[in-house]
Amino acid sequence: MLLYGTQEVNEKGHLTIGGVDSVDLVNTYGTPLIAYDIALFRERARAFKETFRAEGIQAQVAYASKAFSSIAIYEVAQQEGLSLDVVSGGELYTAVQAGFPRERIHFHGNNKSEAELEYAFAEKVGCIVVDNFLEIELIKRISALRKQEMDVLIRVTPGVEAHTHNYITTGQEDSKFGFDLKNGQADEAFYRLHNDDYIRVLGMHCHIGSQIFETTAFRFAAEALMNKMIMWRDEYNFICSVLNLGGGFGIRYTEEDAPLAPAKYVEEMASVVLSMTRQHQYPMPEIWIEPGRSLVGDAGTTLYKLGSMKEVPEIRTYVAVDGGMSDNIRPALYGAEYTAVTANRMNEPQTTEVTIAGKCCESGDKLIEHALIARPKEDDIIATFCTGAYSYSMASNYNRLPRPAVVFVEDGLHQLVIRRETYEDITRLDVPLQAVKRGDTI
Ligand SMILES: Cc1ncc(COP(=O)(O)O)c(C=O)c1O
Ligand SMILES: N[C@@H](CCCC[NH3+])C(=O)O
C-alpha cells in the first residue's frame with residue numbers, strides 16, 4: 001500500500017495525515033473532505049528551491065495555482081518564498097485577497113480579456129506571460145494609456161511532444177497556447193514587443209505538458225529556447241534575463257507510476273542551460289519553473305463515506321461514495337488512475353476488489369476501477385490518495401452537489417480552509433422568475 005508524506009496508521013488502525021486521525025477529521029468536518037498535508041507541500045517547495053540553490057542558479061519557483069487555488073494555499077506558498085502563476089482574473093483576485101506579493105505573481109492565459117489585463121496592470125503584477133498577437137496589442141495599448149511599464153515573458157511552443165495524455169500536452173506545434181518557435185511567430189512577437197517604450201521583455205516561457213515522467217522532452221525544450229535566445233542576441237543584440245521552463249513534473253498516483261524526484265527534472269533542464277550558455281558565452285539567465293501538480297498533488301487526500309453497494313455477478317462490485325466526478329473529474333476526463341484505502345480499518349487486509357463509483361447521475365462516474373479496500377461496510381471511510389491537484393480546482397456542482405470542504409493538517413493541527421458548500425450556496429446565483437411570464441417576450 002502506498003502512503004504519502006506524513007501519512008501513518010495509528011493505534012486504532014486509522015489513517016492519520018499530518019498527525020491527525022482521518023476519522024476525527026471526518027467527524028469534525030463531514031465528507032467528502034479534502035485534507036492537505038501541508039508539511040509535504042513545504043517539503044516539495046523546499047526541494048525545488050534547494051536544487052537551484054545547490055546548482056548556484058538564480059531562480060524563481062512559481063506555484064502553478066490552477067492545480068489548487070485558495071487563499072490559504074497562497075499564504076503557505078508565500079511563507080515558502082514561492083512565486084505564483086495565476087491564469088485568470090479569479091486566481092489573481094484570490095492572490096490579492098491572500099496579500100500575495102504582486103511582484104512575484106506571473107499572469108498567464110491564452111485568451112486574457114482586456115479587463116483581466118487591466119486588472120493585472122492595476123495590481124502591478126511581476127510579469128505577464130504573453131501568449132498571442134491580440135494580447136500584444138492589448139498590453140501595448142494599456143501600458144501606453146496608463147503610462148505604466150510592464151515586464152513580459154513570451155510564451156512559445158517549442159514543438160516538443162511530451163509523453164502524456166493528449167489533452168494535457170501543450171508544447172507541440174498544434175496547440176492553442178503560445179507563439180510557434182519554428183514558423184516565425186515567436187520572432188514576430190519579439191519584434192513587436194522589444195522596442196516598445198513601456199514593455200520590457202524579460203525572456204521566454206514554455207510549458208510542454210503535465211504529468212511527464214521523463215526528462216528528454218524538457219531537455220529538448222530547454223535547448224530549443226536557448227537556441228532562439230542565442231539567435232535574438234546575434235540578430236538584435238538582445239539578452240534574455242529569464243528562461244521559464246514551465247511545470248509538468250509527474251507524480252506517483254499508483255504503484256505503476258515511476259516519476260523522477262522533482263529535483264531531477266530541474267537538474268536536467270539546468271544542465272542544458274548551463275552547458276549552452278557556456279558554449280555560446282551567453283549570460284546565464286534566471287531559470288523559472290512553475291510546478292503545480294508536483295507541489296500539491298500527493299499532499300491531498302479525499303475522504304469519502306461509503307454508502308450503497310451493488311454486485312454485478314461475475315463482473316464487479318460497485319461501492320458508491322458520497323462524492324464523485326463532481327469533486328474529481330480526472331478519472332472521467334482523462335482516464336486518470338488513483339488508489340484508495342479504507343481509512344477507518346487500515347489494519348484489515350485491503351484486498352477486496354471493488355469499483356468505487358461516485359453519486360453523480362452518470363455511468364462514467366467511476367473514481368477507481370479495480371480498487372483494493374477492506375471488505376466494504378456502509379459508513380466506511382474511503383480515502384483516495386493524491387487528489388491535491390486538479391480535483392477541487394476542477395470541481396463542479398454537477399447534479400447540484402455541494403463542493404467538499406478543504407482542511408489543512410500539519411503537526412497534529414487542523415484548520416478548515418474552504419468551507420463545505422451548502423444548499424444555499426448552490427442557489428445563491430439563481431434569480432427566480434419574476435417579470436417574465438409564459439408568452440411574454442423579454
Ligand atoms: C503554463 C503552465 N504552467 C504550469 C502548469 C503546471 O503544470 P503541472 O501541474 O503539471 O506542474 C501548467 C499546467 O499544465 C501550465 O499550463
Ligand atoms: N487538469 C489537468 C492538467 C492540466 C494542466 C493545466 N495546464 C490534469 O488534471 O491533469
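Thresholds, definitions, all that
- Residues numbered from 1 in each chain as written.
- Chains lettered and ligands numbered in written order.
- Predicted model: local features only at pLDDT ≥ 70, side-chain atom pairs only at ≥ 80, totals over all residues.
- Helix = DSSP H or I, 4+ residues; strand = E, 2+ residues; numbered from the N terminus.
- Rg over C-alpha atoms; globule rule 2.2 N^0.38 Å.
- Buried ≥ 20, exposed ≤ 12 C-beta atoms within 10 Å, placed from the backbone.
- UniProt positions renumbered as here; feature names shortened; annotations may be inferred.
- Contact = placed C-beta atoms within 7 Å.
- Pairing = 2+ DSSP bridges.
- Near = placed C-beta within 6 Å.
- Nonpolar A, V, L, I, M, F, W, Y, C, P; charged D, E, K, R; others polar.
- Arc of directions from axis to C-beta.
- Domains from an automatic or database assignment.
- pLDDT = per-residue confidence, 0-100.
- Axes fitted to C-alpha atoms, helices over the stretch in contact; angles between N-to-C directions.
- Parallel < 35°, antiparallel > 145°, perpendicular 65-115°, else oblique.
- Left-handed = near helix turned anticlockwise from the far one by under 90°.

A. Representation of the overall build of the chain in the model. In terms of regular secondary structure, the chain is built from twelve helices and 21 strands. Rg of the C-alpha trace for the chain: 23 Å, near the compact-globule value of 22 Å for 442 residues, within the 12% margin. Expressed as lengths along the three principal axes of its C-alpha atoms, the size of the chain is roughly 70 × 65 × 40 Å. Going through the 442 residues of the chain one by one, you find that 48% of them count as buried.

B. Layout of the UniProt feature "binding site: substrate" (unreviewed entry) in the chain. When the UniProt feature table is mapped onto this chain numbering, "binding site: substrate" (unreviewed entry) sits at Arg293, Arg330, Tyr334, Glu362 and Tyr390. A stretch of 98 residues holds the annotated residues, and the largest C-alpha distance among them is 26.9 Å, long enough that they do not meet in one place. Summarising the element assignment, arginine 330 is placed in helix H11 (residues 330-334). Overall, arginine 330 belongs to the buried group, with 20 C-beta atoms counted inside 10 Å. Look past the residues within four positions of arginine 330 in its chain and what remains in contact with it is Ala336, Tyr390 and Ser391. Structurally, tyrosine 390 is set in the loop between strand S19 (381-385) and strand S20 (405-410). Taking the C-beta count within 10 Å as the criterion, tyrosine 390 has 25 such neighbours and is therefore assigned buried. Apart from the residues within four sequence positions on either side, tyrosine 390 is in contact with Ala67 and Arg330.

C. Fine view of the sheet that holds strand S2 (residues 15-17). Taken in spatial order, the three strands of this open sheet run S1-S2-S3, and their pairing is antiparallel. Taken across any chain shown, the strands that pair with only one partner, and hence form the sheet edges, are strand S1 (8-9) and strand S3 (20-21). Across two bridges, S1 lies against S2 in antiparallel orientation. Note that in S2 the partner of glutamate 8 across the bridge is threonine 16.

D. Spatial organisation of the site of ligand 1. Close to ligand 1 lie 17 residues; Ala64, Ser210, Gly247, Gly292 and Arg293 are nearest. Broken down by class, the residue content of the shell around ligand 1 amounts to five nonpolar, nine polar and three charged.

E. Representation of helix H5 (residues 114-122) within the structure. Within the sequence span of H5, burial applies to Glu116, Leu117, Ala120 and Phe121. Around the axis of H5, the buried residues are gathered within 140 degrees of arc, so they sit on the same side. Residues of H5 that are buried make contact with helix H4 (89-97), strand S7 (105-107), strand S8 (127-130), helix H6 (133-146) and strand S9 (150-157). Lysine 124 sits one or two positions beyond H5 and adopts a positive phi of about 55 degrees.

F. Spatial organisation of the environment of alanine 343. Tracing the sequence through the fold places alanine 343 in the loop between strand S16 (340-342) and strand S17 (352-357). Judged by local crowding, alanine 343 falls into the buried class, with 28 C-beta atoms found within 10 Å. Non-local contacts of alanine 343, meaning those with residues more than four positions away in its chain, are made with His14, Leu15, Ser22, Leu303, Ile381, Ile382 and Ala383.

G. Looking closely at the domain arrangement of the chain. With domains assigned, the chain is organised as domain 1 (8-37 + 297-426) and domain 2 (108-291). Computed over C-alpha atoms only, the centres of domain 1 and domain 2 are separated by 36 Å. Taken together, the contact pairs eight residues of domain 1 with six residues of domain 2. Along the lines of polarity and charge, the residues of the side of domain 1 that touches domain 2 split into four nonpolar, two polar and two charged.

H. Broad picture of the confidence of the model for the chain. The predicted model of the chain has a mean per-residue pLDDT of 95, with 96% of residues at 70 or higher. Listed scores for the predicted complex are pTM 0.96 and ipTM 0.98.

I. How the structure looks around unusual backbone geometry. A cis geometry characterises the amide bond from threonine 31 onward to proline 32, with omega recorded as -10 degrees. Considering the arrangement of structural elements, one finds proline 32 in the loop between helix H1 (22-29) and strand S4 (33-37). Despite not being glycine, glutamine 211 has its phi angle at roughly 55 degrees, a positive value. In this structure, glutamine 211 sits in the loop between strand S11 (199-205) and helix H8 (216-236).

J. Here's a closer look at the packing of H5 against H6. It is the contact of H5 with H6, at a shortest axis distance of 10 Å, that shows an interaxial angle of 45 degrees. Comparing their axes, H6 and H5 come out oblique. The chirality of how H5 crosses H6 is right-handed. Counting all contacts with H5, which are made through Glu114, Leu117, Glu118 and Phe121, the residues of H6 involved are Leu138, Ile139, Ile142 and Arg146. Per-class residue counts for the contact of H5 with H6 are five nonpolar, no polar and three charged.

K. How the structure looks around the pairing of strand S15 (residues 316-321). The pairing of strand S14 (residues 300-312) with S15 spans five bridges and is antiparallel. Within S15, the residue paired with glutamate 311 across the bridge is threonine 317. Two successive antiparallel strands, S14 and S15, enclose a turn made up of three residues, where glutamate 314 displays a positive phi of approximately 65 degrees. Both S15 and S17 contribute to a ladder of three bridges, which runs parallel. Note that in S17 the partner of valine 319 across the bridge is isoleucine 356.

L. Structural context of the environment of arginine 403. Along the chain, the position of arginine 403 falls in the loop between S19 and S20. Arginine 403 sits in the buried class, given 20 other C-beta atoms within 10 Å. Taking the C-alpha atoms as reference points, arginine 403 and tyrosine 265, separated by 138 residues in sequence, lie 34 Å from one another. If we ignore the near neighbours within four places in the chain, the residues touching arginine 403 are Asp327, Ala395, Asn397 and Glu421.

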